[in-house]
Amino acid sequence: MTTAPWRDPALPAAARVDDLLSRMTLEEKTAQLYGVWVGAATDGDGVAPLQREMTADYDWDELITRGLGQLTRSFGTAPVDPALGAQALARAQRRIAGSSRFGIPAVAHEECLAGFTAWGATAYPVPLAWGAAFDPALVAELGRHIGRDLRSVGVHQGLAPVLDVVRDPRWGRVEETIGEDPYLVGTIGAAYVRGLESAGVVATLKHFAGYASSVGARNLAPVRAGVREFADVTLPPFEMALRDGGARSVMASYTETDGVPVSADPRLLDELLRGEWGFTGTVVADYFGIGFLRSQHRVAEDDAGAAHLALAAGIDVELPTLKCYGTPLVTAVRAGRVPESLVDRAARRVLLQKCELGLLDEDWRPEPDGPVDLDSAANRALAGRLAEESVVLLDNPDGLLPLAPDTRIAVVGPRAADALAMLGCYSFPSHVLPHHPGVPLGVSIPTVLDALRTELPDAKVTFAEGCGVCDPDTAGFAEAVARAAEADVCVAVLGDRAGLFGRGTSGEGCDVADLRLPGVQGELLDALVATGVPVVLVLLTGRPYALGRWHGRLGAAVQAFFPGEEGGPALAGVLSGRVNPSGRLPVSVPRAPGGQPWTYLQPPLGLAGEVSNLDPTPLYPFGHGRSYTTFAWEDFTGDGVTEIGTDGSYDLSLTVRNTGDRAGAEVVQLYLHDPVASVTRPDVRLTGYRRLELSPGESRRLTFRFHADLSSFTDRTGARVVEPGALELRLGPSSAEVRHTARLRLTGPVRVVGPERMLRCEVAVTEAG
């Protein structure tokens, strides 16, 4: 029997796909351009926007005779034992392949924002905690672990990471982001992509682009960002994740910028992404995003028109289920409304990716290779390490922490004894299990209360909830205050409940009007402080909250951003001193709940000044975090003014020494200050960093290699340029504190730079001299 060229793995992928496309009917080609969401709810509360209204009916048996592009969330839709789920997915793939002429299976995709969103899978810290760790190597390891788990059950594509840069902390999806700085988001996001892709899983960058810049911090609201903000803040993380991470898919954002929906924007999805950046992978729609062109944006009169706009813009795959790219598209092509060449273009990209994944090979098999364990001991250890690294000690003015091992502790607050306090909205227990009451969590999640009792067995620990997360009832205050008054120290565990579309205080569609602690938690904290007993505030949140009201009144303050299933032991370890806190803020903590939006990336007019009575200066700045040890920054090489060309580089070095009596980690941060430019620039912006773990007395030498490309920005003409002139490179432990300054003068002509410019500041670590 002669093997068809498209089945021959010895041939180049492009030749195989060209041969296959030449044999396919229009219906078979369009079938590769949509997913199917088996088991998606069409009534009640959904897990995607307008899910009930947008989910279409179909005949599965008839549908798969044409083939199928993707299978949507076989594990992430309802609780299923992972081993049984893997077998069920394999059977479904066999059936899909066996029902069509060409025998091509579907790409199976799943959410993996903070771990594989499946029942029984490890619930890792959310991406905002990744940012707090400032540790790309550890996040790359996280991506590898998640990727291996996805592949072990037959999943090919992961819908992560989120590379939106926080522009307004009131936005509900802040917990899904990595932070408010594009360099931090880009370096951490690219590391996650490298890990996921190293396991053979297609990483999907989202949400491209501008989603987090929505007006008023409302989910899916229009974006009115300026051209330079879009180019210099929104886009760089995606460039880094494509160039440095190797991501093979991009998800189009729901939003519209200046009246143009992303899903209908060829300038963004084709000219920029594919033309300028050279991206060759697939662009997928966010769930129902193509249909939204008709129903939400109203730029298409029907589903066929929406399909035409999306295909022409460059969206290859309709997710999560067929609507516009099915019968409406086929009918429109046959009627001459849509060129078939657009279908061919998208189908070619999809099939090339399937070829890369081995799905066109004759020896393809869907069955898992070995036993399935989605919450292994190695996973839990990694989750614990990342949780520990991400906890931020905001303040400890009098050294109240670590707690004495035999002290009397009153643990108070609605987040202290709830396992869900550890999890973000895209963890399976928060995302899916609310629709399945009575089903167990599927993983063990120690609470802060339980972990603290385990951590300090000689302490006398009492507990009172005090109030609910967002309930207005203060009836529980009396018991909470009584427990605090009896103790040596009160640990107040407050924060968010993750949910979807208003069913939580943080998460997708859970936007807030201001940055007050939810419900009456602020009043509870006031009552606890009024007892005179020292209060340690422990926050488990998905966004920063305004804490100025309690500044100077707390014994200590600790911030954790939904730290995952091992977050309880990590927090208990910080409170006991077993863990030396090393997290740094990936978002600023405001002083007052109003005066937003604000991030640290402000030009001079965005900073405090005499022209307004409102002071936006944060209580704790981006990059801030304290430790139980101390560090000396010595032997800095950067005095005077150094001239380099607009295409040159400069090395600045320093030695960091642990001067305390315990091991700890310092995060050395490099900020750029541009005194004069042709357009206004942020006063400072992160341009390099290095996390450094040191034993007592140990020292290491750090060398930052700064390239002039890192000073580039978008000028008035829309070009990205490096301008001659003065620059300052500032080394500090946060964006608001400068330890050392190097002064540069860039010489030569204005230089236009493109996608091949240097994106990262390399940092070398050597033995101290």
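This write-up is about the structure you can find in this document. (Residues numbered from 1 in each chain as written. Predicted model: local features only at pLDDT ≥ 70, side-chain atom pairs only at ≥ 80, totals over all residues. Heavy atoms only, no water.)

To continue, consider the overall build of the chain. For the chain, the count of helices and strands is 21 helices and 27 strands. Since a compact globule built from 769 residues should have a radius of gyration of about 27 Å, the 26 Å found for the chain is in line with a globular shape. Overall, the C-alpha framework of the chain stretches about 80 × 70 × 50 Å when taken along its three principal axes. For the chain, buried positions account for 63% of its 769 residues. Across the chain, contacts joining residues at least 24 apart in sequence account for 79% of those joining residues at least 6 apart. (Helix = DSSP H or I, 4+ residues; strand = E, 2+ residues; numbered from the N terminus. Rg over C-alpha atoms; globule rule 2.2 N^0.38 Å. Buried < 20%, exposed > 50% of the residue type's maximum accessible area, 1.4 Å probe, protein only. Contact = heavy atoms within 4.5 Å.)

What follows deals with the sheet that holds strand E11 (residues 408-412). The strand order across the open sheet formed by six strands is E10-E15-E14-E13-E11-E12, and the pairing between neighbours is mixed. The two strands at the open ends of the sheet, each matched to only one other strand, are strand E10 (392-395) and strand E12 (460-464). Neighbour-to-neighbour, the strand axes of the sheet open up by a mean angle of 20 degrees, direction not taken into account. Pairing of strand E13 (residues 489-495) with strand E14 (residues 535-541) involves six bridges; the strand directions are parallel. Within E14, the position partnered with valine 493 by the bridge is valine 538. Where helix H20 (residues 521-529) meets the sheet, it contacts E11, E13 and E14, and its direction lies at approximately 175 degrees from that of E13. With respect to the sheet, helix H21 (residues 567-576) is in contact with E13, E14 and strand E15 (556-561), its orientation differing from that of E14 by roughly 155 degrees. (Pairing = 2+ DSSP bridges. Axes fitted to C-alpha atoms, helices over the stretch in contact; angles between N-to-C directions.)

To continue, consider the packing of aromatic side chains. All chains considered together, the criterion is met by 14 aromatic pairs. Their ring planes at 25 degrees and their centres at 4.8 Å tell us that tryptophan 130 and tyrosine 192 sit as a pair that is stacked. Within this pair, whereas tryptophan 130 is found in helix H6 (residues 127-133), its partner tyrosine 192 is found in helix H8 (residues 182-198), the two being separated by 62 residues in sequence. On the basis of relative accessible area, tyrosine 192 is assigned to the buried category, the value being 0%. Where tryptophan 171 meets tyrosine 211, the ring centres are 5.2 Å apart and the plane angle is 85 degrees; that geometry is what we call edge-to-face. In this pair, tryptophan 171 sits in the loop between strand E4 (157-159) and H8 while tyrosine 211 sits in the loop between strand E5 (202-208) and helix H9 (227-234), placing the two residues 40 residues apart along the sequence. Neither tryptophan 171 nor tyrosine 211 differs from the other in exposure class; each is buried. (Phe/Tyr/Trp six-rings, centres within 6.5 Å; stacked < 30°, edge-to-face > 60°.)

Side chains that are three or four residues apart share a direction in an α-helix, a result of its 3.6 residues per turn. For helix H1 (residues 13-23), the set of buried residues is Arg16, Val17, Asp19, Leu20 and Leu21. Packed against the buried residues of H1 are helix H2 (26-31) and helix H15 (340-356).

On to the pairing of E13, then. When you tally the buried positions in E13, you get seven out of seven residues, the bulk of the element. Where burial is concerned, the two faces of E13 agree: the one with Val489, Val491, Val493 and Gly495 and the one with Cys490, Ala492 and Leu494 are both buried. Here E11 pairs with E13 via four bridges, running parallel. Counted as the bridge partner of valine 411 is valine 491 from E13. Traced from E13 through H20 to E14, the parallel crossover comes out right-handed. (Right-handed = clockwise from strand over helix to strand, strands pointing away.)

Here we come to the environment of tyrosine 628. Relative to the helices and strands, tyrosine 628 is located in the loop between H21 and strand E16 (631-637). Once the C-alpha coordinates of tyrosine 628 and proline 434 are considered, the two residues, 194 residues apart in sequence, prove to be 39 Å apart. Those residues in contact with tyrosine 628 that lie beyond four places of it in its chain are Leu393, Asn396, Leu401, Pro402, Val574, Gly577, Val579, Asn580, Pro581 and Arg662. Within polar-contact distance, the side chain of tyrosine 628 engages the backbone oxygen of valine 574 at 2.7 Å. (Polar contact = N/O pair within 3.5 Å; in protein donor to acceptor, adjacent residues only side chain to side chain.)

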